[in-house]
Amino acid sequence: MSATGRYLLDTNILSQLVSDPQGFIADKIRTVGANAVFTSIIVASELRFRALKARSPRLQERVDTILDAIECRPLMRPPILPMRDCGKRWKPSVRQSARTTC
């Protein structure tokens, strides 16, 4: 693992890796080590959805191969802010911003 920590690979980075599996991103992963990178379940779902929507078995296989090689972390448990609290805190700021922009 890298001395600087771990790296979260987002959708854009992994999309580039899917497009060019031997390119710049692959080189960087080899440099920091495969154990130093991870992604989220949301990114994995976005990539799988895109591959299914494209109806390309080759693309689906590439996505699966890459995701099998990278740690995929689940959503946080418990949530950072329960939804019942989120609604109370979010709605006033939305209303307030709507009044100031109209």
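Below is a summary of the structure that appears in this document.

What counts and how
- Residues numbered from 1 in each chain as written.
- Predicted model: local features only at pLDDT ≥ 70, side-chain atom pairs only at ≥ 80, totals over all residues.
- Heavy atoms only, no water.
- Core = buried A, V, L, I, M, F, W, Y, C linked by side-chain atoms within 4.5 Å.
- Buried < 20%, exposed > 50% of the residue type's maximum accessible area, 1.4 Å probe, protein only.
- Helix = DSSP H or I, 4+ residues; strand = E, 2+ residues; numbered from the N terminus.
- Contact = heavy atoms within 4.5 Å.
- 1 Å grid on protein atoms, 1.4 Å probe; cavity = no way out; pocket = protein on both sides within 12 Å on 5 of 7 lines; lining within 4 Å.
- Points joined across faces, edges and corners; volume = space filled by probe spheres on them.

### A word on the nonpolar core
- L14, L17 and V63 are the most contacted members of the largest nonpolar core, which has 17 residues in total.
- Among the elements of the structure, α1 (11-19), α2 (24-32), α3 (41-54) and α4 (57-69) are those that each provide at least two residues to this core.
- Residues within four places of V63 in sequence aside, it is in contact with V18, L47, R48 and A51.

### A short note on the layout of surface pockets
- In this structure, the largest pocket encloses a volume near 230 Å³.
- What lines the largest pocket is a set of 13 residues, among which L17, P21, I29, I66 and A69 lie closest to the centre.
- At the level of secondary structure, the elements contributing two or more residues to the lining of the largest pocket comprise α2 and α4.
- Tallying contributions element by element places α4 first for the lining of the largest pocket, with four residues.

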